[in-house]
Amino acid sequence: MLVFNQVHFYYKKGQPVLDNVSFTINPGEFVAIVGANGCGKSTIAKLMDGLLLPKGGSVKLNDLDTSVPEDLAKIHEQIGLVFQNPEDQFITTTVMDEVLFGLENIRVPREEMSERVSHALQAVHMGDYLEAMPHELSGGQKQRVAIAAIVAMRPQVIIFDEATSMLDPQGREQVVSIMHELHQQGLTIVHITHHMEEVLTAERMLLIHEGRLEYDGDPLAFFNSMPAADYQLHLPFAVRLHRQLDHHIPLAADWKEMIRSQWSINYKR
Ligand SMILES: Nc1ncnc2c1ncn2[C@@H]1O[C@H](COP(=O)(O)OP(=O)(O)O)[C@@H](O)[C@H]1O
Ligand SMILES: [Mg+2]
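So, how was this worked out
- Residues numbered from 1 in each chain as written.
- Chains lettered and ligands numbered in written order.
- Predicted model: local features only at pLDDT ≥ 70, side-chain atom pairs only at ≥ 80, totals over all residues.
- Heavy atoms only, no water.
- Helix = DSSP H or I, 4+ residues; strand = E, 2+ residues; numbered from the N terminus.
- Rg over C-alpha atoms; globule rule 2.2 N^0.38 Å.
- Buried < 20%, exposed > 50% of the residue type's maximum accessible area, 1.4 Å probe, protein only.
- Contact = heavy atoms within 4.5 Å.
- Lys, Arg positive; Asp, Glu negative; His and termini not counted.
- Charge placed at Lys NZ, Arg CZ, Asp CG, Glu CD.
- Axes fitted to C-alpha atoms, helices over the stretch in contact; angles between N-to-C directions.
- Parallel < 35°, antiparallel > 145°, perpendicular 65-115°, else oblique.
- Left-handed = near helix turned anticlockwise from the far one by under 90°.
- Nonpolar A, V, L, I, M, F, W, Y, C, P; charged D, E, K, R; others polar.
- Pairing = 2+ DSSP bridges.

Visitor: What exactly am I supposed to notice about the overall build of the chain here?
Guide: For the chain, the helix and strand inventory stands at eleven helices and ten strands. On C-alpha atoms alone, the chain measures out to a radius of gyration of 20 Å, which is about the 18 Å that the 2.2 N^0.38 rule sets for 269 residues. With respect to the principal axes defined by its C-alpha atoms, the chain has extents near 65 × 50 × 30 Å. The buried share of the chain, taken over its 269 residues, is 50%. Nonlocal contacts in the chain, meaning residues at least 24 apart in sequence, comprise 60% of its contacts between residues at least 6 apart. Of the side-chain charges in the chain, 22 are positive and 35 negative, and the distance between the mean point of each set is 5 Å.

Here you go:
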């Protein structure tokens, strides 16, 4: 359980970025975090991982507290962060070394390493790229290796901070589907994104606005009832389509499903 309890945060005193933000993310949830540029999403990601510490309130992972220095190493092991730019994430020269690097840092026994590396690379469908070098990989593949390096450490939670935003549509689709595969395997996924199509695939959405938690709930219900434009959010295609169609049909996250339901209603008439 990842708990933000009345979290207050600023970089410069008197200019709060987060003001009294509270939420609980349960094990195995898939949560999207959205909000305008500069609203504090990356700050939340760093607070979760203990890279930043709250100025007020607390951030806890189970019984570990980011403000307790002895807990930090355990928190870093349990929470993995994937960042925006795949270019920045490679520090070694081959895919295998990249995944090994993290394991050496947490002192995984030698005999366990190769099994963990191959399992992690298979989990992101990069099992055939052990010896590949960064420049041979696409952006999406690099991002998948960054994910493998985290998966190998066996965390409870993976936070994706706009990890799809620099990828082409194909790379984005692959990375999002890997998020869902990891979720199926029991990991907690936190996905920070500007792509509202991806938000619709999450179980829950947190909207940050002017330092506060403005919405916490079902993404589809939000778009169905709230003025997304007030928060500088795009409307997902399914929602735009729904507004053009007969409003009596239920809004569905999957727009194809919506068309099919509309079609069968008309057909029966
Ligand atoms: N290291 C920093 N020092 C000072 N201000 C920062 C720093 N990082 C972010 N900020 C400011 O804090 C606010 C929130 O930033 P951030 O969490 O990166 O937002 P988001 O990820 O939602 O775009 C912004 O106003 C940003 O300019
Ligand atoms: Mg950010």
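Visitor: Just to check I follow, could you spell out the packing of helix H6 (residues 139-151) against helix H7 (residues 169-184) for this structure?
Guide: Here H6 crosses H7 at 20°, and the two axes come no closer than 9 Å. As far as their axial angle goes, H7 and H6 are roughly parallel. Every pair of crossing elements has a handedness; the one defined by H6 and H7 is right-handed. Contact residues: Gly140, Gln143, Arg144, Ile147 and Val151 in H6; Gly171, Gln174, Val175, Ile178 and Leu182 in H7. Residue classes in the contact of H6 with H7 are distributed as five nonpolar, four polar and one charged.

Visitor: Explain the sheet that holds strand E8 (residues 188-192) to me, please; I cannot follow it from the model alone.
Guide: Strand pairing in a sheet relies on backbone hydrogen bonds, with the paired strands running either antiparallel or parallel. In spatial order, the strands read E6-E7-E8-E3-E9-E10; together these six strands make up an open sheet with mixed pairing. In the strand order of this sheet, the two ends are held by strand E6 (79-82) and strand E10 (212-217), each with one partner. Across the sheet, the axes of successive neighbouring strands diverge by a mean angle of 15°, strand direction being ignored. Sheet analysis places strand E3 (residues 30-34) next to strand E9 (residues 204-209), joined by four bridges and oriented parallel. Paired with Val34 across the two strands is Leu207, which belongs to E9. Contacts from H7 reach E3, strand E7 (157-161) and E8 within the one sheet, and its direction differs from that of E8 by about 155°.

Structural measurements only, silent on function.
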